[in-house]
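# Geometric and topological summary
Residue-level listing of the chains:
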Amino acid sequence: MSTSRSSEDVLLIVNHVRHKKTDGVLYLMGERMGWMVESKNSFSLSHMYSDIKSQKISPDSKDKVQLQVVMHDGSAKTFHFTNPKGRDVGIKDRDGIKELLQQLLPKFRSKISSELEEKNRLLQESPELFQLYKDLVVSGVITAEEFWESRADQLSNIGKNEGSKQSVGVSAAFLADIKPQTDGCNGLKYNLTADVIESIFRTYPMVRKKHAENVPHEMTESEFWTRFFQSHYFHRDRTVLSSKDVFSDCAKNDDREIKDEVTRTVNDPLLDMLKMTDSNSGDGFGGSSDERKLSTNQTNLTMIRRFNHHSTMVLKACESNRTTKPQDATDGASGTSDNGPKRSNGAVATVTNGDTDTSSTSSDMFKEPAAKRAKIREKLAYEDLEGRTHSKNVNLRLHKTDGYLHGPRPVVLSKYMTSDDAVSASNSVSQKISDWAPELSNVLRGSAALGVLGELSPGGSLMYGTSHQQLHNMVAVDVQSELKKQYTALQELLRHFWSCFPASSKFLEEKVCRMKSTLERFQVTKLIPFKESLKQHHYTIDLVGHLEELLSTAYAKFDTWQARKMAKRS
Amino acid sequence: MTESSVSSQLIIIVDTNPVWWGQADTGESGQNQMSLAQCLECLMVFSNSHLMMSHRNKLAVIAAHTDKSIFLYPKKDQGGTSAINISEEADQGDGKYELFGLVNNQIKNQARELVINGGSSLLYPDTVLAGALAMALCYIHRSEKEVGPGEQLSSRVLIIKGSEDNPEQYMNLMNAVFTAQKQNIVVDACVLDNDSGLLQQACDITGGIYLKIPQVSGLLQYLLWIFLPDPTERHKLTLPPKAQVDYRAACFCHRNLIDIGYQSSIPSFVA
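None of the values given here were measured: they were computed from a predicted structure.

All names here are of chain A. Note: strand β1 (residues 10-19) against strand β2 (residues 22-29), seven bridges, orientation antiparallel. Following the sheet pairing, I13 is matched in β2 by Y27. Counting the residues between successive antiparallel strands, the hairpin from β1 to β2 contains two residues, one of them, K20, with a positive phi of roughly 55°. Of the pairings in the sheet, the one linking β1 to strand β7 (residues 76-81) comprises two bridges and is antiparallel in character. Its bridge partner lying in β7, R18 is registered against H80.

Below is the structure:
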């Protein structure tokens, strides 16, 4: 973005300004600032003042003399002032730019409304919205106003959210931090930043009011602040009030506020402010020396009052944003024991005053324990440390609890039975039992047993699902003969194996080990191939299962024998 | 061959409901020609067979009555008097194995006492099975703690039942069954008359055998054939195949079995 400079009126030109290690010239013009590389004819940097959010300068302690311009979109440009005549000249150049910018920026700042900023942010935060904006507004389907109208609630929501953010408190030392600099000719220079001004406004609402009243039409911004500091220092020792001063009203208002503050006694049951005096018992050998002190320390007293007032205002500035409910409550509480007017003429309370107060408002005494307890609880109990006692449990409310414990109904409906039937049945049983002599040799008749065996044999009524076929019909003849061969071979090997136990001699021990390896070889070379070939016939019965079981039993025996032998040796 | 140190403990729960036995005895349904005494005789033979399988085998018999369950064997107060009992029985049983005599006599006496004196004023046609099963589980738990070092006890439960299911005991029985499953205790059921949905589920859950016997008179043969072998040996035998078990839940309000239930997030609520 490079435009010719000729069309605008140039307010200030500063040479020897470096940007990104390139020497150039900085121009301040009517509506924008620009920077161009030496020996070029167009701006390589150009920023509208309305785009600039703030400017920052490097501290004097730093070697480089720099000025940073922060944009609204968060980016920043840094300019380095390198006047060959020396650092001081560089500083002077920088200050010239700074002061001119200081005057120019506020003029353009108002142009960017907070609303626009917000919309911009909203678009940046939400890519979908941005896409929508591009599609609709940029392409000219609807106007921007229509677009935002439909999202008014979103905008207002965001405004609310920001409002509810925690506000930063005011530093108590903000006035002292301003640190005026002497300019050498009996004057002082104040550097006021936007933060300091905001702090002053928040702490002293009266000043804000005055500022609003006077600044645009009666005096300039700097004049106002010059007067403010003059008067501020003037009425530090607030003995004489000049009616010409713009801030005389403020002083009066301050006085009134001090009085209000004094009358609003601190109603803390755990603190007895009335007992506190400025004197100690050593002064005047126990006699009252208040009179003398008051007269001599008048100016100091005013100072202390001013300081206290300042602290009060700082604290109030923080409180002002909070909900007013708790304040109302304390106000109401303090109202009941309002004994202020009697002490309003002096900052030092006398003990006698306090005494009369407590006696006159004796009804407060009854409230005290409760108030104390409330205060202590307030200090001790933390909301976020409390256990979540009341979790929302849904209670199961059962109408018929016994219904849950019942099982399904019997499949066969129970036979109807009168109580007479039951009793007679029971009686007959007990009668039979009473003359019962067990005859165990005659329990089961042979025919019944045979019948049952028929039911339980394969193909019987209870053995449904099992096949009636005989095994020798199911398995092919060659497989049968193969299986028979396997069995004979394995039985022979196993017979040798088992005959070695107990392995009492060296020879037998060797034979056992040999037989074990032979068995293993048999399993690998014969049994496993046989098993594979059986798989092709798809038999439902595991024909080699028993052979494998025989082998595993032999292996287990061998393992235990070997383990025992090893244990014996070691 | 070293002898295995695993002993098998069998807990028999026998249904002694006098109402059902009385009805069965009168022979209204025609096929149940068996009295409680005959059933108990079968039971005695069966328990003797179980004890005969190995001298390590252990036995307990629990009677499930209409309103209570008691141990038929071993007797509660057996503690110090067992030695005397055995010698007494030995006197009577001429040359019989003392343990058999003791078991048979105790079962006989206890059952007689239960049926004659134990009958309360109220008679129900159904049996309290859950309590008996819970007693069996407790007994197993205790005896498993009492075994000596190096010994192992594998326990199972056999339920011989004739009367109807008691739907009120559904929850209790199922809880006991799940406990058994957790303790690796097999629950077998031999049902004499009414098919029992609850016991079907119980056996299926614990891996036992459920059998409704077609001929009550052949009870002993069924017991010896099917229920005598230990669960560890059963897979080597050709036994009746397991039937499909109906696990359908009952509707909460009408107690009818339903095909589709809606489970709420609160457990065991089906509507």
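That covers the picture; the talk isn't over yet.
All told, the structure shown has eight aromatic pairs over all chains when counted by the stated rule. Taking the centre distance of 4.9 Å and the plane angle of 80° together, the rings of W20 of chain B and W21 of chain B count as edge-to-face. Assigned by exposure class, W20 of chain B and W21 of chain B land together as buried. Among the aromatic side chains, those forming a connected cluster through ring pairs are F497, W498, F501, F558 and W561 of chain A.

Residues and elements named next belong to chain B. Of all residues in chain B, 78% attain a pLDDT of 70 or more, and the chain-wide mean is 79. The low-confidence segment residues 79-84, where pLDDT is below 50, has zero contacts with residues more than four positions distant or belonging to other chains. Two summary scores accompany this predicted model of the complex, namely pTM at 0.46 and ipTM at 0.75.

Residue and element names in this part refer to chain A. For helix α20 (residues 506-535), built from 30 residues, the straight-helix expectation of 44 Å at 1.5 Å per residue is met to within 8% by its first-to-last C-alpha distance of 42 Å. The principal kink in α20, of about 35°, is found at Q523. What α20 keeps buried is the set L508, K511, V512, M515, K516, T518, L519, F522, L527, F530 and L534. The elements touched by buried residues of α20 are α19 (477-499) and α21 (545-569).

All names here are of chain B. One can find N57 in the loop between α2 (36-53) and β2 (58-64). Polar contacts involving the side chain of N57 include one to the main-chain amide nitrogen of S8, which spans 3.4 Å. With residues near it in sequence (within four places) discarded, N57 still touches S7, S8, H50 and L51.

To continue, consider the pairing of strand β6 (residues 66-71) of chain A. All names here are of chain A. With five of six residues buried, β6 is to be regarded as a mostly interior element. Of the pairings in the sheet, the one linking strand β5 (residues 52-57) to β6 comprises five bridges and is antiparallel in character. Residue pairing for β6: S54 is matched across the bridge by V70. Where β6 meets β7, five bridges bridge the pair, whose relative direction is antiparallel. Residue Q68 lies in a different strand from β7, and its bridge partner there is T78.

All names here are of chain A. Sheet architecture is open: seven strands sit in the order β4-β3-β2-β1-β7-β6-β5, paired in antiparallel fashion. Whereas interior strands pair on both sides, the edge strands pair on one side only; in this sheet they are β4 (45-48) and β5. Between one strand axis and the next, the sheet turns by 30° as a mean value, whatever way the strands run. As defined by bridge partners, strand β3 (residues 32-37) adjoins β4 across four bridges and the pair is classed as antiparallel. Each residue of the ladder has a partner; that of M33, found in β4, is H47.

A separate point is the nonpolar core. Grouped burial of nonpolar side chains is what soluble globular proteins tend to show. All names here are of chain B. Membership of the largest hydrophobic core comes to 52 residues, with the highest contact counts inside it found for F46, I160, L219 and F227. Of all the elements, α2 adds the most residues to this core, at 10 residues. Leaving out residues up to four positions away in the same chain, F46 has contacts with L10, I12, L158, L220, L223, L224, F227 and L228. A64, M174, A176 and V187 belong to the second-largest nonpolar core, a separate cluster that totals 33 residues.

The next point concerns the sheet that holds strand β5 (residues 186-191) of chain B. All names here are of chain B. Strand order in the open sheet formed by six strands is β3-β2-β1-β4-β5-β6, with mixed pairing between adjacent strands. If you trace the sheet from one side to the other, it starts and ends with β3 (69-73) and β6 (210-212), each paired once. Each strand of the sheet is rotated relative to its neighbour by a mean of 20°, with strand direction disregarded. Bridge count for strand β4 (residues 152-161) against β5 is six bridges, and the pairing is parallel. Residue pairing in the sheet places V157 in a bridge with V187 of β5. Here helix α7 (residues 197-206) sits on the sheet and contacts β4, β5 and β6; the angle it forms with β5, its principal contact strand, is near 150°.

What counts, and where the lines are drawn
- Residues numbered from 1 in each chain as written.
- Chains lettered and ligands numbered in written order.
- Predicted model: local features only at pLDDT ≥ 70, side-chain atom pairs only at ≥ 80, totals over all residues.
- Heavy atoms only, no water.
- Pairing = 2+ DSSP bridges.
- Helix = DSSP H or I, 4+ residues; strand = E, 2+ residues; numbered from the N terminus.
- Phe/Tyr/Trp six-rings, centres within 6.5 Å; stacked < 30°, edge-to-face > 60°.
- Buried < 20%, exposed > 50% of the residue type's maximum accessible area, 1.4 Å probe, protein only.
- pLDDT = per-residue confidence, 0-100.
- Contact = heavy atoms within 4.5 Å.
- Expected span 1.5 Å × (residues − 1).
- Bend = angle between axes of the 7 residues up to and from the residue.
- Polar contact = N/O pair within 3.5 Å; in protein donor to acceptor, adjacent residues only side chain to side chain.
- Axes fitted to C-alpha atoms, helices over the stretch in contact; angles between N-to-C directions.
- Core = buried A, V, L, I, M, F, W, Y, C linked by side-chain atoms within 4.5 Å.

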